[in-house]
2 protein chains.
Amino acid sequence: MMNGGGQPASKQSMRRHNLALVLRQVAASDSASRATVAARVGLTKATVSSLVEELRLAGLVVEHVPENQGRVGRPGGALALNPQGAAGVGVEVNVDYTAVCVADLTGAPRVRLTEHADNRGRDAEETLHSAGRLAARACAAARRAGLTPVQVTLGVPGLVHEDKVLHAPNLDWRHVPAGELLVRGLGRQRLAVSVDNEANLAAIGEFQARPAGAGASFLYVSGEIGIGAGLMVDGTLFRGGGFAGEIGHVTVLPDGPECGCGARGCLERYAGQDALLEAAALDSVSATRLGSAPAATATATRTGGGPGGGAGRSALQDPPAEADAPVERLAALAAEGDEAAVRALAVAGRALGVALSGAVNLLDPPEVVIGGIYARLAPWLIPSLQVQLHERVTSGRWRSDRLQVSGLGTEAAVRGAAGAGVQAILRDPSAYIDLTSPML
Amino acid sequence: MMNGGGQPASKQSMRRHNLALVLRQVAASDSASRATVAARVGLTKATVSSLVEELRLAGLVVEHVPENQGRVGRPGGALALNPQGAAGVGVEVNVDYTAVCVADLTGAPRVRLTEHADNRGRDAEETLHSAGRLAARACAAARRAGLTPVQVTLGVPGLVHEDKVLHAPNLDWRHVPAGELLVRGLGRQRLAVSVDNEANLAAIGEFQARPAGAGASFLYVSGEIGIGAGLMVDGTLFRGGGFAGEIGHVTVLPDGPECGCGARGCLERYAGQDALLEAAALDSVSATRLGSAPAATATATRTGGGPGGGAGRSALQDPPAEADAPVERLAALAAEGDEAAVRALAVAGRALGVALSGAVNLLDPPEVVIGGIYARLAPWLIPSLQVQLHERVTSGRWRSDRLQVSGLGTEAAVRGAAGAGVQAILRDPSAYIDLTSPML
């Protein structure tokens, strides 16, 4: 298999390639046997058996042997990814919260921690150390649950290049070596760390969470304080020169209000979380109506284990309810028919519709998925959003069902970050095996 | 080479694959010998020699043998694509002209015909028959020059699906079986016909004309009566669901003037050729100032052979100067400092800048190339265009040299269409060989 193209492959690279091939086949199959995997990947049964054994000893694969069968030889054992093996760790540092998610090899979230904090007012180093400590706590919980965290992916709302954040306007970060600073907060852990834009990771999370048979090409738009997009093309994220997806700074009105980026009339000024709350006359921290007495603020850290989820084997769950408090308040007001809230959402929906119809005309994605806070606010955004799409997408090619609402909401980025780690392990299991089994 | 993945290849598909492999290697190399080609593609010299012989007999490849060497065996002959062999034919039906270009295997344009006509006022069938006849004349001229036209690609300014035009607003076409109608105009010729959007083909033409070493990823924007874009990613055109590139209908001002598409404030209403001429108070047909007496109109068909170009072996050339007359007049007025012309171009440049900065924020293409009429008008568009890009591309990542001007101008689409035919031959030479040599 490795010898295509007339190039000789070393024994080592052959093993590396074939381990990944077999593991991916196990991941793609439902309870396949060694013989079935061998037939599908085109290797001999003996070779596959030895590779499966290596993956099993490394804890990446489990083999379920029927009760009426002996263990020797395992002729008919059903292979599956080990949900108690290696794990990916996602860390999301956003403007008003930090979140961590640990996912097992099957992609299921197993540990979930959120810290609500106004990261705008903090030093980047302090924010990342604190995020590293939160991730270390999540890793400890994952280890107690029998998992082995190996790969950390950090998501930030900004422009990322080689694990450095060049600019994150809403965090006021410039040239922050985010990967390095997160590692320091993590302490002495043998973890590989990479950094990516949070909307990119959210698009990956959305893709991973899609049901089998759903499309693999879509434009994902994530509403947070900032607005980011991810263009998924046949299951691969389009990155352009590295900084694609900044839909928040697409112009909606050339002479509109000034944006933090220096330009005027950006989408973010109409449909970003701050703009939305401001237009609805809500305080962005306390979620109270501006001018009224503030209620108790929701800045407390929640770390206790909430009610479990995730297929009954959750180690630690902490849904980020407080972080979404102002958005929940906005949704509640809109549900009550509050005029300012409904108007603010209609204006945001229209602005989103103008920007998205431009993106659809330019890129013609089969679907558009709105996520982040837009998932929660969809009922009030969608009417004006659809009007714009129907009016502006060229030649009436827009159909309402091309617009989808993410089921993950603000969870998408941290879930995608954890999933990106899992994908890295599945892509190259030998790196993980060599890392965890130095004696082999 | 064909047996990767454990799949057996039939002898026929092996030959097909290897013929293409060898031909592409000849195209990519500068005067390589059979031995060099064999080494590069990883086949034996004997196999390559027999494949080269087949390509040579089919007229796809030529071998230059040094004078002091006999012809037998040709050990050191330099291989090259045959500039007198198979040819690709590009046909462009645009709003105010129809153009044909025949390119030889090296991609060099060899025959070039243009017919200036107001295709807006014509029936689609009549327009396409007439385009077919023009193409037939170009093919006849190409045959007289020793070429063998085999593959026709038709470009139209509209939405194309499976060789049908679903909608071309500026031609007022809906559901036109364009490939079929063009074939009828072509008469009894053994030619394969395919249809594509003209901005897509222009982007391909731009890519093919780039000097070696230039980037293979860029956003190309073509100004005509309509405005189209093509996103080139590593040398491959991004097509989305099939209708990507409609940048002319990206919103510049949500409540702006109504567009032919039914929406408001589209880029085309500010920077399309008609909008530009109208803003400069020029008649779009006569190129005279509105209100003054019309000069002689430039609607005559030019088919005579003008002065040759194309590396000294041009069969027939007819640069489309008349078709560009109104644009030339606009450029001349702007060069004289005419206030209305200069203002119209500045407004168009600003609108282009708003739309393009959005596209750059979303897609981050390494370069943006403006072509079509924008190439000619670049000196007056670029200042206001650059201002917008510098102001609106996120976080000051815009550098002026990311904006390029196409050297092909309005030639790009028809050149790209001819080149697409050539690429089809190079991708699968056996189809051409089987077509032209039924006896083999």
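Residues numbered from 1 in each chain as written. Chains lettered and ligands numbered in written order. Predicted model: local features only at pLDDT ≥ 70, side-chain atom pairs only at ≥ 80, totals over all residues. Heavy atoms only, no water.

Student: Provide a residue-level description of the relation of the copies chain A and chain B, including the pertinent values.
Tutor: Here chain A sits on chain B after a turn of 180° about the axis and a move of 0.0 Å along it, with an RMSD of 0.1 Å. Such a turn and shift between the copies fits a two-fold axis. Interface residue correspondence from chain A to chain B reaches 100%, placing this contact among same-surface, isologous pairings. (Least-squares fit on C-alpha atoms with pLDDT ≥ 70 in both. Contact = heavy atoms within 4.5 Å.)

Student: Talk me through the packing of aromatic side chains; I want residue IDs and the actual numbers.
Tutor: For any two aromatic rings, the description comes down to two numbers: the centre-to-centre distance and the angle of the planes. All told, the structure shown has one aromatic pair over all chains when counted by the stated rule. Aromatic pair A:Phe238 and B:Phe238: ring centres 6.4 Å apart, planes at 40°, arrangement tilted. Placement of the pair is A:Phe238 in strand 13 (residues 236-238) and B:Phe238 in strand 13 (residues 236-238), with the two residues belonging to separate chains. B:Phe238 shares its class with A:Phe238; the two are buried. One cation-aromatic arrangement involves A:Arg210 over A:Phe218; the distance from NZ or CZ to the ring centre is 4.4 Å. (Phe/Tyr/Trp six-rings, centres within 6.5 Å; stacked < 30°, edge-to-face > 60°. Helix = DSSP H or I, 4+ residues; strand = E, 2+ residues; numbered from the N terminus. Buried < 20%, exposed > 50% of the residue type's maximum accessible area, 1.4 Å probe, protein only. Lys NZ or Arg CZ within 6 Å of the ring centre and 35° of its normal.)

Student: Give me the packing of helix 10 (residues 339-363) of chain B against helix 11 (residues 373-392) of chain B: which residues, what numbers.
Tutor: Angle between the axes and distance between the axes: these two values describe a pair of packed helices. Residues and elements named next belong to chain B. It is the contact of helix 10 with helix 11, at a shortest axis distance of 7 Å, that shows an interaxial angle of 55°. Viewed along their axes, helix 10 and helix 11 adopt a mutual orientation that is oblique. Like other packed secondary-structure pairs, helix 10 and helix 11 cross with a definite hand, here right-handed. Listed contacts from helix 11 to Leu 345, Ala 346, Ala 348, Gly 349, Arg 350, Leu 352, Gly 353, Val 354, Leu 356, Ser 357, Val 360 and Asn 361 of helix 10 are Tyr 374, Leu 377, Trp 380, Leu 381, Ser 384, Leu 385, Gln 388, Leu 389 and Arg 392. Across the contact of helix 10 with helix 11, the residue classes break down as 13 nonpolar, six polar and two charged. (Axes fitted to C-alpha atoms, helices over the stretch in contact; angles between N-to-C directions. Parallel < 35°, antiparallel > 145°, perpendicular 65-115°, else oblique. Left-handed = near helix turned anticlockwise from the far one by under 90°. Nonpolar A, V, L, I, M, F, W, Y, C, P; charged D, E, K, R; others polar.)

Student: A description of the sheet that holds strand 11 (residues 218-223) of chain A should follow, citing residues and the corresponding values.
Tutor: Residue and element names in this part refer to chain A. Ordered by their spatial adjacency, five strands build an open sheet running 13-12-11-14-15, and the pairing between neighbours is mixed. Whereas interior strands pair on both sides, the edge strands pair on one side only; in this sheet they are strand 13 and strand 15 (403-405). Strand-to-strand twist across the sheet, computed as the mean angle between neighbouring axes with direction ignored, equals 30°. Relative to strand 15, strand 14 (residues 368-372) is paired through three bridges, and the arrangement is parallel. Residue Val 369 lies in a different strand from strand 15, and its bridge partner there is Gln 404. (Pairing = 2+ DSSP bridges.)

Student: Can you explain the interface of chain A and chain B? Please cite residues and give values.
Tutor: Contacts between the two partners involve 42 residues from chain A, matched on the other side by 42 residues from chain B. With both chains or domains summed, chain A and chain B bury close to 3,500 Å², and 61% of this area falls on carbon and sulfur atoms. Summed over the three residues of chain A that lose the most area to chain B, namely A:Pro254, A:Leu362 and A:Arg392, the buried surface amounts to 18% of that side. For the pair chain A and chain B, the number of links is two salt bridges. Residue A:Asp255 pairs with B:Arg350 through a salt bridge whose shortest N-O separation is 3.1 Å. Mapped by element, the contributors of at least two residues to the side of chain A that touches chain B are strand 12 (227-233), helix 10 (339-363) and helix 11 (373-392) of chain A. Looking at which element gives the most residues to the side of chain A that touches chain B, the answer is helix 10 of chain A, with eight residues. Considering only residue class, the side of chain A that touches chain B consists of 18 nonpolar, 15 polar and nine charged. (Buried area = accessible area lost by both parts, 1.4 Å probe. Salt bridge = Lys/Arg side-chain N within 4 Å of Asp/Glu carboxyl O.)

Student: An account of the sheet that holds strand 9 (residues 173-176) of chain B is requested, with residue identities and associated values reported.
Tutor: Residue and element names in this part refer to chain B. Strand order in the open sheet formed by three strands is 7-8-9, with antiparallel pairing between adjacent strands. The open sheet has two free edges, formed respectively by strand 7 (159-161) and strand 9, since each of these has just one partner strand. Averaged over neighbouring strand pairs, the angle between their axes works out to 20° when direction is ignored. In terms of strand pairing, strand 8 (residues 164-168) meets strand 9 through three bridges, oriented antiparallel. For His 167, the partnering residue across the bridge sits in strand 9 and is Arg 174.

Student: Outline the side chain of B:Glu246, supporting the account with residue identities and numerical values.
Tutor: Among the secondary structure elements, B:Glu246 is positioned in the loop between strand 13 and helix 7 (268-271). Buried charge without a salt bridge: B:Glu246, with A:Arg397 as the nearest opposite-charge side chain at an N-O distance of 6.2 Å. Once residues within four sequence positions are removed from consideration, B:Glu246 is found in contact with A:Asn361, A:Leu362, A:Thr394, B:Leu159 and B:Asn197. (Lys, Arg positive; Asp, Glu negative; His and termini not counted.)

Student: Account for the pairing of strand 4 (residues 97-104) of chain B, naming residues and giving values.
Tutor: All names here are of chain B. With eight of its eight residues buried, strand 4 lies for the most part within the structure. Direction of pairing for strand 3 (residues 86-93) relative to strand 4: antiparallel, over a ladder of seven bridges. Across the sheet, residue Glu 92 finds its bridge partner in strand 4, namely Ala 99. Hairpin connection from strand 3 to strand 4: three residues lie between these consecutive antiparallel strands. In terms of strand pairing, strand 4 meets strand 5 (residues 109-116) through seven bridges, oriented antiparallel. What sits directly across from Val 102, in strand 5, is Val 111. The hairpin formed by strand 4 and strand 5 contains four residues between the paired strands, and Gly 107 there has a positive phi angle of roughly 90°.

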